[in-house]
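Below are the chains, spelled out letter by letter.
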Amino acid sequence: MTLRRGVPGLALALCAGTLFLACSSSPTEQADIASVIVTPSSAQLTALGATAQLGATARDAVGNAISGVTFSWGSSNTNAATVDQSGLVTAVGSGTATITASASGQSDDASVTVNLVVSSVEVSPSAATLTSVGDTQQLTAVAKDANGNTLPGETFDWTSSDTSRAVVSGSGLVTARGNGAATITARVSGGTASGTSTVTVNVTVTSVEVTPVSASLAALDDTRQFTAVAKGLNGNPIPGRAFVWSSDPDTVATVSTAGLATAEGNGSATITAMTGGIEGWATLVVSQVPASAWQSTITSVATIDTVGLATATGTGSTTIIALTDGVADSAQLTVSQVVTGIDIDPIPANIEALDDTLHFTAVGTDANGNPVPGQTYGWRSSNTATATITGAGVATAVDNGITWIVAST
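Remember, predicted model here, so these are calculated numbers, not experimental data.

### Description of the environment of Ala176
Next up, step 1: Turning to its location among the elements, Ala176 is positioned in strand β20 (residues 173–176).
Next up, step 2: Contacts of Ala176, omitting those with residues within four sequence positions, involve Leu130, Ser132, Val133, Gly134, Asp135, Arg165 and Val201.

So, in structure tokens, the structure goes:
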């Protein structure tokens, strides 16, 4: 009789001098492991803490699966992925790991790649309020994977939805520009994931600065442009403000809605610009300045005194110049005498014999009694029966009597 190793339940019985074997129905011995197969042969994980379940199968020499085998699992790169003894792989960092299952000297492996993908961006703080133009707020952004784990080393592109309200630098520094709200977005560089923060600019006007703070005008209807700037708590200008302009008193100066002041009369006026209930002021002095120097270019035509009174000295044209503070203006003055009277000589006159003659002369004069040279005169006698007169002014006695000798021009 031959006994086979490892067959449990062997019973011996002796019957009629004969030995009988009776075997129980216990399972057979585990077959030798010829190979190990790991499935799947590769896996990819995109988030820290993400898992992939691997399985291993032992086979005998003819390829039959062997059940009940316990495998030993290991990872070649535990900085990328770890594996427990059930074959569950967990991502712990970017990279590639070879996961190996072994039993009875046989093994197989699978390649696991951890390629972390940014699925969201968290911006902090999520909301901020700035109260002065030029104020700043530093924002920070953190990239996260699908499991909410922080992914270090990412860079971000920063943008503002309204740069008239707030601008943002490449490092996430927000600067207030004007009243209103802007959405600040941080987008992962080269990706699509992004996060936002709402920045509200609520600027309060605390002062108004009018420029120039003082000015003067030397003539009526002259103008001066004033400008106004609203400022916040930190003294920075607040753009986009509208101002209401006024002048007090308006008999000295008026001011337009754009800040253009016009001289109306001598004196001092306060120019006011107001916005948001806050006022700023400037002083405008109107003082007419008379000319300090007068000059006539041809004094033989006219002279002029220190107060601008011109006196005609002859016929013709001259230029009258007024000069003050280096500023000059001029006017043309023409002197043209008008004859307003005629002086006849001699007056009275007597001729004592018939046919005797007497030569008369005439001189035309202007309104001030000044002779007007170059005049031609016509002569006549009111009673030619008494005396006649030639065109040259020579009278001849004709008969006794009286006549009027008239000269005209």
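### A short note on the sheet that holds strand β12 (residues 106–114)
Next up, step 1: With mixed pairing, the four strands of this open sheet are ordered in space as β4-β12-β11-β8. Because the sheet does not close on itself, it has two edges, and the strands there are β4 (42–45) and β8 (72–75). Strand-to-strand twist of the sheet, defined as the mean angle between neighbouring strand axes without regard to direction, takes the value 20°.
Next up, step 2: Here nine bridges tie strand β11 (residues 95–103) to β12, and the two strands are oriented antiparallel to one another. Residue pairing in the sheet places Ala101 in a bridge with Asp108 of β12.

### A word on the confidence of the model for the chain
Next up, step 1: Per-residue confidence for the chain gives a mean pLDDT of 89, with 91% of residues at or over 70.
Next up, step 2: Low confidence marks residues 1–29, where pLDDT is under 50. Its contacts with residues over four positions away, or in another chain, come to 25 contacts.

### Regarding the nonpolar core
Next up, step 1: Core analysis: the largest hydrophobic core is formed by 46 residues, its most contacted members being Val121, Trp158, Phe226 and Trp245.
Next up, step 2: Residue contributions to this core peak at four residues, all from strand β21 (residues 180–188).
Next up, step 3: Val36, Leu45, Ile66 and Phe71 belong to the second-largest nonpolar core, a separate cluster that totals 27 residues.

### Here we look at the pattern of salt bridges
Next up, step 1: Evaluation of the coordinates by the stated rule reveals three salt bridges.
Next up, step 2: In this structure, the salt-bridge partner of Lys144 is Glu122, at a minimum N-O distance of 3.2 Å. Here Lys144 is found in strand β16 (residues 140–144), whereas its partner Glu122 is found in strand β13 (residues 120–124), with 22 residues between them in sequence.
Next up, step 3: Glu209 is the partner of Lys231 in a salt bridge, and the nearest nitrogen-oxygen pair spans 3.1 Å.

Conventions used here
Residues numbered from 1 in each chain as written. Predicted model: local features only at pLDDT ≥ 70, side-chain atom pairs only at ≥ 80, totals over all residues. Heavy atoms only, no water. Helix = DSSP H or I, 4+ residues; strand = E, 2+ residues; numbered from the N terminus. Contact = heavy atoms within 4.5 Å. Pairing = 2+ DSSP bridges. Axes fitted to C-alpha atoms, helices over the stretch in contact; angles between N-to-C directions. pLDDT = per-residue confidence, 0-100. Core = buried A, V, L, I, M, F, W, Y, C linked by side-chain atoms within 4.5 Å. Buried < 20%, exposed > 50% of the residue type's maximum accessible area, 1.4 Å probe, protein only. Salt bridge = Lys/Arg side-chain N within 4 Å of Asp/Glu carboxyl O.

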